[in-house]
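Inside the fold
What follows is each chain in one-letter form.
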Amino acid sequence: MKRKLPPTLSKATQAIHAGQLDRPVYGEVSVPIFQTSTFAFPSAEAGAARFSGEEPGYIYTRMGNPTVHALEESLAALENGSAALATATGMAAITTLFLSLLSHQDHLVASDCLYGPTEVVIESELPRFGMAATLVDTSNLSAIEPALRPNTRLIYIETPTNPTMKITDIRGAAAIAHRHGALLAVDNTFCSPYLQRPLEQGADVVVHSLTKYLNGHSDVLGGMIVVKNEELYRRLKRVLTLFGATMDPHQAWLILRGMRTLPLRMEKAQENALKLAEFLSRHPKVTWVRHPGLPTHPQHDLAKAQMDGFGAMLCFGVQKGLEGGRILLNQVRLITMAVSLGGVESLIEHPASMTHAAIPREKRERAGILDELVRLSVGCEDFSDLRADLDQALNKIP
Ligand code: PLP
């Protein structure tokens, strides 16, 4: 029988125990990989009853699969939502969200600093379907209301933002959205539900790139949409199933395995990140550091109020701008020069020439993505090794 976990269990315990099969087959402890595209019906009547929804049961993996469902249940529990939908990638979760909740002539308000491809979808692809968007600095709540229009259906935010680490007040943004009959969606990739649960703070939808902290090992892609409202779930599920950006069972199994150590990884990585942020703040080759855990972060108090920890992402400026950044990236030996984030290994990248290069320079700079900005995803290595690597690489900047 399915073990229903008490919702009062801590998130650390839920990460280990949530996401089990409805009906274990042999008492297995690890969820099996149901690597099947389709499911046999015991009778013609049962097949018809599954299609009509009168009887539960699996039909076809694009419409549902036990391994994928275990992962969905796990995310729903961790986010304190009622249901979740697994997608092929994080971008599949984001585009499914937009294509489900927006129609021709609808309007969307979003943060002016987002994961690059999300911004490109909003600015270049959605207009082809007759959807318009206004991007504003949502970390300043008073900028949101003037951007709303009578046809605004959705406010979409990332908090902290990628890569500038600005924080949006989730409760405040949800109140504004709801006053105007719109929904609030939050990309919670940077925090994971271990550190931040937007649905508890009034958001209607959460999206994730599971590729990052939730999986945590830089070896698989995946996405998730989590909601707390049944009607919303049905709309999203319909579009996801029809458009087909669903998850494969093997992918789901790998992510379920990664999630078992989410709390341990997050604790170690965020401890390293705060210590590195403090070290970098004192380094002569560093011009500024932005991490929510530093008292110098302009929204440090808001971060304390809405997050259960400050996370393991940070960005900083280096002396000599673009050239300084190039030297630093080429000189690190332990830290890997790569995009993506949230793995056990530390990754360093240069947003202006990599993840956010598709955004025009002037817009990028307005959003705070300066040429001198370097983004660091801090992993679980020993802190002194990370500090030594950054120190030797920074000292190569003349
Ligand atoms: N959202 C954020 C904040 C991201 O950083 C990323 C990827 O880096 C995505 C979404 C997209 O995720 P994926 O690469 O799994 O499609």
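Each residue is numbered by its place in its chain's sequence as written, counting from 1. In keeping with the model being predicted, local features are shown solely for residues with a pLDDT of at least 70 and side-chain atom pairs are shown and tallied solely at 80 or more, while totals for entire chains, interfaces and linings include all residues. Excluded from the side-chain calculation are hydrogens and water; included are all heavy atoms of the structure.

So, on to a nonpolar patch on the surface. Here the term patch refers to residues with relative accessible area over 30% and no salt bridge, with like charges joined within 9 Å and nonpolar side chains (Val, Leu, Ile, Met, Phe, Trp, Tyr) within 5 Å. To measure how exposed things are, a 1.4 Å probe is used in the Shrake-Rupley method; for residues, cover is taken only from the protein chains shown. By definition here, a salt bridge exists when the distance from a side-chain nitrogen of Lys or Arg to a carboxyl oxygen of Asp or Glu is within 4 Å. Residues F41, F51, Y60 and M63 make up a contiguous nonpolar surface patch of roughly 380 Å² in combined accessible area. Structurally, Y60 can be placed in the loop between α2 (44–52) and α3 (66–78). Under the scheme used here, helices are H or I runs from DSSP no shorter than 4 residues and strands are E runs no shorter than 2 residues, and both carry numbers assigned from the N terminus.

Per-residue accessibility, obtained with a 1.4 Å probe over protein chains only, is compared with the maximum for each type, and a residue is labelled buried under 20%, exposed over 50%, and partly exposed between these values. With five of five residues buried, strand β12 (residues 373–377) is to be regarded as a mostly interior element. Paired strands, as defined in this entry, are two strands with at least two bridges between them according to DSSP. Here strand β9 (residues 313–318) runs beside β12; their pairing, made up of five bridges, is antiparallel. Following the sheet pairing, M313 is matched in β12 by S377. In this sheet, β12 lies alongside strand β11 (residues 347–349) in antiparallel orientation, the contact comprising three bridges. When the bridges of β12 are listed, I348 appears paired with L376.

What follows concerns the domain arrangement of the protein. How big an interface is tends to be stated in terms of the accessible area lost upon association of its parts. By convention here, the domain bounds are inherited from an automatic or database domain assignment. Partitioning the protein into domains gives domain 1 (11–259) and domain 2 (262–394). Taken over C-alpha atoms, the centre of domain 1 sits 26 Å from the centre of domain 2. Residue-level contacts link 42 residues of domain 1 with 39 residues of domain 2. Two parts placed together each lose some accessible area; with a 1.4 Å probe, that loss summed over both constitutes the buried area. Between domain 1 and domain 2 the total buried area reaches about 3,300 Å² when both faces are included, carbon and sulfur atoms providing 59% of it. Sorting the residues of domain 1 by area buried against domain 2 places I167, L195 and Y213 first, and these three jointly supply 23% of that buried surface. Our enumeration of links across domain 1 and domain 2 arrives at three salt bridges. A salt bridge links E123 to K363; the nearest nitrogen and oxygen atoms lie 2.1 Å apart. Any pair of N or O atoms that falls within 3.5 Å is considered a polar contact. Within protein, one atom must be able to donate a hydrogen and the other to accept it, and sequence-neighbouring residues count only if both atoms are side-chain atoms. In this assembly, domain 1 and domain 2 are joined by 20 residue pairs in polar contact (both at pLDDT 80 or more). Between two residues, a contact is recorded if the distance between any of their heavy atoms is within 4.5 Å.

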